[in-house]
Amino acid sequence: MNHLLCGLAANPALPPELVDRLIGVADDDIAEALAGREDLGCAQVLALVSRVPGYEVRLVYEGRLTEADIDPVTRPDAALALLGEGGGDPRWAHLLAGDPDRARREKLAACPRLPPDAVEALLADTDVGVVAELALCAGRDVTVRLVAHPHTEVRRSVAANEATPPVLLAALLTGAGLPAARRCLVCDQEEVAFAHDRACPRSDCDLPPGAFCDGSHESAVHAIQEAALRNPATPAEAAAGFVDHPSALLRWALAARPDLTSEVSARLVADPLPGVRAEVAANPAVGGTLLRALSGDPSQHVRRAVAHHPDVPLDALVHVAGNTRIGPTLLPRIAAASPAEVEELARSSNPAARMLLAQRRDLPARIRDALAADADAKVVKSLATDPNLVEGQLRAMVDRHGRRVVAKVAANPSTPAALLVENTRHGKTARKALREVARHRRATATALLACLEDEQGRVRAAGHPALPPPVLLELLDDADWQVVEAAAGNPSLPRAAMEDLINRLSPEPGSASTRS
């Protein structure tokens, strides 16, 4: 990979004529960077996909290749992408339904609003993967036709499709009223009985880990049940019958359903598997009583899910925050706290409560100022990125708490340039501060030069437009390819340097690139 040219290709200040020159010599790596440019004109887009066809699908998704630009015969992948977005000529679907490439037929089967003739062609496809993809995405009329399909993969797709009638989804859960499936992925390929080793060493094997069939397609039936349980259109009463199922995966799927009754929820709260309990804790259908019980769960994963629930009782949330790593985020319950609750949290003697509140950015000035002067560094760190803080408050934070808050202060968009420079002087233990300064919009040349001493800060500083051009030119020869790419993509790179790089480094048309 030519990192200099890849960086240049992404440089927002690259003049149009130099973009054209890069398009003319683009390989896969350069084309990837060029395809991400927002300033490509229509002619440039067409020139790029003619030079490197693999990027036409991306450009379709970004709205820069339209129906008028696409011939479905020469650019079938672009045509599929446009059909997938609900555009394109419907006649393309009939043409692509006969494509010899199975993967393309599968992609077509996933497209919305397919014309009837294309649907019929896909229903008759000899590849079960194509029919299964159609069953996953098609409307009610197709799922009704496919619910009794002899292959379990098709039935699993029908079970996952929300357009499938509820009565059929309930039947797929139990198998009642449906003829037994005759084929699954295991018995398609192996003599039964066969159990697939979870650590299968075969590189050409595509069976799911643990797949098993002794003639009754056990693992495939399990997958159908899981798909139906995860389908919100499946009747709640049919799903509830799996609350005590021996399969943890099926109980896990049940625990995520938004239509759980209080009785089913209560039984799942006592599940022996932490993953099931965590799923219950994250479920919007679960109320405060069960969330309070889960707030004392021995699993941190479960307690973290409780903390993120919008209806968790405030006292339970504060309790969880005191013994669980939640991360620097504004929790839904804190965001919805009433003015009275905000006052209560601000006055709390528990620093965990004040820390949670400090993540809000709409606090009354009186409360925000009190939190800014808090004696606990965790509270101040939580507030330090608030853009409503003024310079004096930010300086006082750093003076009082030093390295514990300096990185967050550096990440505050309102931090003035002079303070950013001071934040770079906290030694090697403040590496995070250097990385935040390196991408700050107010960072000056002095601050950025200090950031070059840190490995990650060096990469970020190399792309900052305030970096002095002489330093920027030196970084084009840096030993770290990420620094080289960032420097070449810096909009402050002089035009003369851009032209020189293209003149010296443009690969010959058709040459192969190697990725380093």
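So, here is what we can say about the structure in this document. These numbers were taken from a predicted model, which means no experiment stands behind them. (Residues numbered from 1 in each chain as written. Predicted model: local features only at pLDDT ≥ 70, side-chain atom pairs only at ≥ 80, totals over all residues. Heavy atoms only, no water.)

**Details of the overall build of the protein**
Our working definition: Starting at the N terminus, helices and strands are each numbered in turn, a helix being any DSSP run of H or I of at least four residues and a strand any DSSP run of E of at least two. Between buried and exposed lies partly exposed: a residue is buried under 20% and exposed over 50% of the maximum accessible area for its type, with that area taken using a 1.4 Å probe on protein chains only. Contacts were defined at the residue level, with two residues in contact if any of their heavy atoms lie within 4.5 Å. Accessibility throughout is a Shrake-Rupley quantity obtained with a 1.4 Å probe, and a residue counts as covered only by protein chains that appear here. For the purpose of counting charges, residues Lys and Arg are taken to be positive, whereas Asp and Glu are taken to be negative. His and the chain ends are not included. Where a charge sits is defined by one atom per residue type, namely NZ (Lys), CZ (Arg), CG (Asp) or CD (Glu).
When helices and strands are counted, the protein shows 36 helices and two strands. Expressed along its principal axes, the backbone C-alpha trace of the protein runs to roughly 75 × 70 × 40 Å. Per-residue burial for the protein yields a buried fraction of 49% across its 516 residues. In the protein, the proportion of contacts linking residues at least 24 apart, taken out of those at least 6 apart, comes to 46%. Put simply, the protein shows about 24000 Å² of open surface, and 54% of that area lies on carbon and sulfur atoms. Considering the protein, the positive charge centre built from 56 side chains and the negative charge centre built from 68 side chains are found 8 Å apart.

**Description of the environment of R58**
Inspection of the secondary structure assignment puts R58 in helix α5 (residues 56-61). R58 gets classed as partly exposed once you look at its relative accessible area, which sits at 29%. In sequence terms R58 and L357 are 299 residues apart; their C-alpha atoms lie 42 Å from each other. With residues up to four places along the chain from it excluded, the contact list for R58 reads E32, A35 and G36.

**Side note on unusual backbone geometry**
Even without glycine at this site, R113 takes up a positive phi of about 55°. With respect to the secondary-structure elements, R113 resides in the loop between α8 (102-109) and α9 (116-123).

**Quick notes on the nonpolar core**
Short version of the rule: Nonpolar cores were defined as sets of buried Ala, Val, Leu, Ile, Met, Phe, Trp, Tyr and Cys residues, with membership established by side-chain atoms within 4.5 Å.
Ranked by internal contacts, the top residues of the largest apolar core, which has 152 residues, are L8, L108 and M397. Here L108 is in contact with L80, L83, A93, L96, A97, L114 and L122, once residues within four sequence places are set aside. Counting six residues, the second largest nonpolar core, distinct from the first, contains C184, L207, A211 and A220.

**Overview of the pattern of salt bridges**
Selection criterion: A pair is scored as a salt bridge if a Lys or Arg side-chain nitrogen falls within 4 Å of a carboxyl oxygen belonging to Asp or Glu.
In total, this model carries 34 salt bridges according to the counting rule given. For the salt bridge of E226 with R230, the shortest nitrogen-to-oxygen distance reads 3.4 Å. Of this pair, E226 and R230 are both found in helix α15 (residues 218-230), four residues apart, which corresponds to roughly one turn of the helix. The residue K378 makes a salt bridge to D376 at a minimum N-O spacing of 3.5 Å.

**Section: helix α24 (residues 339-347)**
Rules: Picture the helix axis, draw a direction to every C-beta atom, and the arc is the one those directions span.
Listed as buried for α24 are E341, V342 and L345. All buried residues of α24 project into a common sector of 105° when viewed along the axis, lining one side. In α24, the exposed positions that point more than 90 degrees away from the buried face belong to P339, A340 and R347. The inward-facing, buried residues of α24 abut α22 (314-321), α23 (332-335), α25 (351-357) and α26 (365-372).

**Overview of the side chain of R251**
Note the threshold: In protein, a polar contact requires one atom able to donate a hydrogen and another able to accept it; more generally it is a pair of N or O atoms within 3.5 Å, and residues adjacent in sequence count only if both atoms are side-chain atoms.
Locating R251 in the fold gives a position in helix α17 (residues 248-255). With relative accessibility at 10%, the residue R251 sits in the buried group. Here H245 takes part through its backbone oxygen, which lies 2.9 Å from a polar atom of the side chain of R251. Of note is the side chain of R251, whose polar atom sits 3.4 Å from the backbone oxygen of P246.

**Considerations on α8**
Taken residue by residue, α8 has R105, L108 and A109 as its buried positions. Seen from one end, α8 has its buried residues packed into an arc of 100°, which puts them on one side. Between the side-chain oxygen at the start of α8 and the backbone nitrogen of A103 there is a gap of 2.8 Å, and the oxygen is on D101.

**Things to note about the packing of helix α1 (residues 3-10) against helix α3 (residues 28-35)**
Under the convention used in this document: Fitted lines through C-alpha atoms give the axes, limited to the stretch in contact for helices. The angle between two N-to-C directions lies from 0 to 180 degrees. Orientation is classified from the angle alone, with under 35 degrees giving roughly parallel, over 145 giving roughly antiparallel, 65 to 115 giving roughly perpendicular, and any other angle giving oblique. Take the far helix as the reference: if the near one is turned anticlockwise from it by less than a right angle, the crossing is left-handed, and if turned clockwise, right-handed.
α3 packs onto α1 with a crossing angle of 20° between their chain directions and a minimal axis gap of 7 Å. It follows that α1 is roughly parallel to α3 by the angle criterion. Crossing hand, α1 versus α3: right-handed. Contacts between α1 and α3 involve L5, C6, A9 and A10 from the former and D29, I30, A33 and L34 from the latter.

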